[in-house]
Amino acid sequence: MSIRIMGTGSALPVKKVANEELARLVDTSDEWIRERTGIGSRYISTGETVASLAARACSLALEDAGKRAGEVELILVATCSPEDTAPCTACQVQKEIGAGNAVAFDLNAACAGFLFALHTAWAYVESGIYRNVLVAGSEVLSKLVDWEDRGTCILFGDGAGAVYAEKCEEGGIRSFVQHSDGSRGAVLSGVCRPLANPYIARSQEGNYLKMDGREIFSFAVRQIPKTIEEALGKSGTDVGEVDFFLLHQANRRIIEGISRRLEADGERFPMNLMEVGNTSSASIPLLLDELNRRGRLQRGMKLVFAGFGAGLTCGACVLEW
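Computed from a prediction, not measured in an experiment: that's the story for all the values here. (Residues numbered from 1 in each chain as written. Predicted model: local features only at pLDDT ≥ 70, side-chain atom pairs only at ≥ 80, totals over all residues. Heavy atoms only, no water.)

## Notes on helix H3 (residues 50-65)
This is how it is decided: In DSSP terms, a helix is any run of H or I states spanning at least four residues, a strand is any run of E spanning at least two, and both are numbered starting from the N terminus. For a helix, the expected span equals 1.5 Å multiplied by the number of residues minus one. Between buried and exposed lies partly exposed: a residue is buried under 20% and exposed over 50% of the maximum accessible area for its type, with that area taken using a 1.4 Å probe on protein chains only. Residues are treated as being in contact if the distance between any of their heavy atoms lies within 4.5 Å.
Spanning 16 residues, H3 covers 23 Å between terminal C-alpha atoms, matching the ideal 22 Å at 1.5 Å per step. Listed as buried for H3 are Val 50, Ala 51, Leu 53, Ala 54, Ala 55, Ala 57, Cys 58, Ala 61, Leu 62 and Ala 65. Residues of H3 that are buried make contact with strand S1 (2-11), helix H4 (89-97), strand S6 (132-139) and strand S7 (159-168).

## Focus on the sheet that holds strand S8 (residues 172-180)
In plain terms, the rule: Two strands qualify as a pair provided DSSP detects at least 2 bridges between them. To define axes, lines are fitted to C-alpha atoms, for helices over the stretch in contact only, and angles between the resulting N-to-C directions are given on a 0 to 180 degree scale.
Ordered in space as S8-S13-S12-S11, the four strands form an open sheet in which the pairing is mixed. Pairing within the sheet leaves two strands with one partner each, and these edge strands are S8 and strand S11 (244-247). When strand polarity is set aside, the average angle formed by the axes of neighbouring strands in this sheet is 15°. The sheet contact formed by strand S12 (residues 302-309) and strand S13 (residues 313-320) spans eight bridges and is antiparallel. Counted as the bridge partner of Ala 306 is Ala 316 from S13. Lying over the sheet, helix H5 (residues 113-126) contacts S8, S12 and S13, oriented at roughly 125° with respect to S8. Along the sheet face, helix H10 (residues 283-293) touches S11 and S12 and points at about 140° away from the line of S11.

## A few points about the state of the cysteines
Basically, it comes down to this: The disulfide criterion used throughout: a pair of cysteine sulfur atoms within 2.5 Å.
Tallied over the entire structure, the rule returns zero disulfides. Between Cys 88, a free cysteine, and Cys 91, which holds the nearest cysteine sulfur, the sulfur-to-sulfur gap is 3.6 Å. Free of any disulfide, Cys 153 has its nearest neighbouring cysteine sulfur in Cys 111, separated by 16 Å.

## Quick word on the nonpolar core
Operational definition: Throughout this description, the term nonpolar core refers to a set of buried Ala, Val, Leu, Ile, Met, Phe, Trp, Tyr and Cys residues connected via side-chain atoms within 4.5 Å.
Among the nonpolar cores identified, the biggest contains 42 residues, and Ile 224, Ile 228, Phe 245, Leu 247, Ile 258, Phe 269 and Phe 308 are the most heavily contacted of them. Within the residue set of this core, elements represented by two or more residues are helix H7 (213-235), S11, helix H8 (252-261), S12 and S13. Per-element accounting of this core gives the leading share, eight residues, to H7. Not counting residues within four places of it along the chain, the set of residues in contact with Phe 245 comprises Ile 228, Val 239, Leu 262, Ala 264, Arg 268, Phe 269, Pro 270 and Val 304. By size, the runner-up hydrophobic cluster in this structure holds 34 residues, among which are Ile 5, Val 163, Ile 173 and Phe 305.

## So, the environment of Ser 280
Structurally, Ser 280 can be placed in the loop between helix H9 (273-276) and H10. Taking the C-alpha atoms as reference, Ser 280 lies 26 Å from Gly 98; in sequence the two are 182 residues apart. Dropping the residues within four chain positions of it, Ser 280 is found in contact with Cys 80, Ala 110, Cys 111, Glu 139, Leu 141 and His 248.

## Thoughts on the sheet that holds strand S5 (residues 103-107)
If you trace the five strands from one edge of the open sheet to the other, you get S1-S7-S6-S4-S5, paired in mixed fashion. The open sheet has two free edges, formed respectively by S1 and S5, since each of these has just one partner strand. Averaged over all pairs of adjacent strands, the angle between their axes in this sheet comes to 20°, without regard to strand direction. Of the pairings in the sheet, the one linking strand S4 (residues 74-78) to S5 comprises five bridges and is parallel in character. Residue pairing across strands places Ala 78 opposite Leu 107, the latter belonging to S5. Where H4 meets the sheet, it contacts S4, S5 and S6, and its direction lies at approximately 130° from that of S4. Across the sheet, H5 is in contact with S1, S4, S5, S6 and S7; its angle to S6 comes to roughly 165°.

## Description of the packing of aromatic side chains
Short version of the rule: Two rings from Phe, Tyr or Trp (for Trp, the six-membered ring) form a pair when their centres are within 6.5 Å of each other. A pair whose planes differ by under 30 degrees is stacked, one over 60 is edge-to-face, and the rest are tilted. The rule is short: NZ of Lys or CZ of Arg within 6 Å of the ring centre and within 35 degrees of the ring normal puts a charge over the ring.
Considering all chains together, one arrives at four aromatic pairs under this definition. Ring centres 5.5 Å apart and planes at 40° place the aromatic pair Tyr 124 and Tyr 130 in the tilted group. For Tyr 124, a relative accessible area of 25% translates into the label partly exposed. Judged by relative accessible area, Tyr 130 falls into the buried class, the value being 18%. Here the guanidinium or amino end of Arg 150 rests over the ring plane of Trp 32, the centre of that ring lying 4.1 Å away.

## Side note on the pattern of salt bridges
Going by this rule: Definition used for salt bridges: Asp or Glu carboxyl oxygen within 4 Å of a side-chain nitrogen of Lys or Arg.
Within this structure, the stated rule accounts for 12 salt bridges. We note a salt bridge from Glu 320 to Arg 4, for which the minimum N-O separation is 3.2 Å. Linking Glu 320 in strand S13 with Arg 4 in strand S1, this pair joins segments that are 316 residues apart in sequence. Residue Arg 293 is joined to Asp 289 by a salt bridge in which the shortest nitrogen-to-oxygen separation is 2.6 Å. Of the two residues, Arg 293 and Asp 289 both sit in helix H10, four residues apart, roughly one turn of that helix. Residue Asp 289 is classed as buried on the basis of its relative accessible area of 3%.

These figures capture arrangement, not role.
Structure follows, in structure tokens:
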């Protein structure tokens, strides 16, 4: 038994911000950003929330699958940028789309969050607890970045992607791998709300995302090929059999470096970071929905999802579309 993705959806804020516009805010240029990251633009919230974006993406995934919200049994939302501590984003999504019969909760594995949530969904279905699930990755990272720091504000965008998946006897997820290394957590970190009470002095330091770009690059290019090969080995699949590798859309040079290490044709590594930037947990389902709606996915294709991010966390899965 496994789970098979039956529908996809995505949502982006209205406002699109090109590199040239950022160059008016910080010391950068379109050429500088494109050369180092491959990013040309990103979408930035002017009122859209993590919950509202996730709800739109989930509704579209249900529509694509031909399902009603009342049929959904489980809703998982991966996010590291929720507006509210409580209620969780998934419960807000449940309310918004009218999925009153579903159990709902959030997960946070940063940019690998969607993969970790998808693996969690697989575990619930495999155990027989639920038969179907909505899995979303949704972020509004624009509220977490320092807009005076060109090392981070140029990278991130806001958005959401979602899938509807259900129990299947054949195909679907064939293997998955997950890893975490908390000892290297300082490489990419962000404080949601600092410790502040009558018994401790409040920190005056800005609560923004902080990232060591070189370390993240090194980690991704070295670890992700190993993680993908581990997942492929568990499923008995060869690199040459994979139709598409859908990687976390962090940086074009990272993705190109991973494809070279795997000795796989770069055309099998689709990218949309040029238009949407790094959307953290939303990046893989956003890209998946784009490929699905453009008719580039056919049933029976072999796909690999792989993500990496703060934690440090990383994961991969092999599935049959």
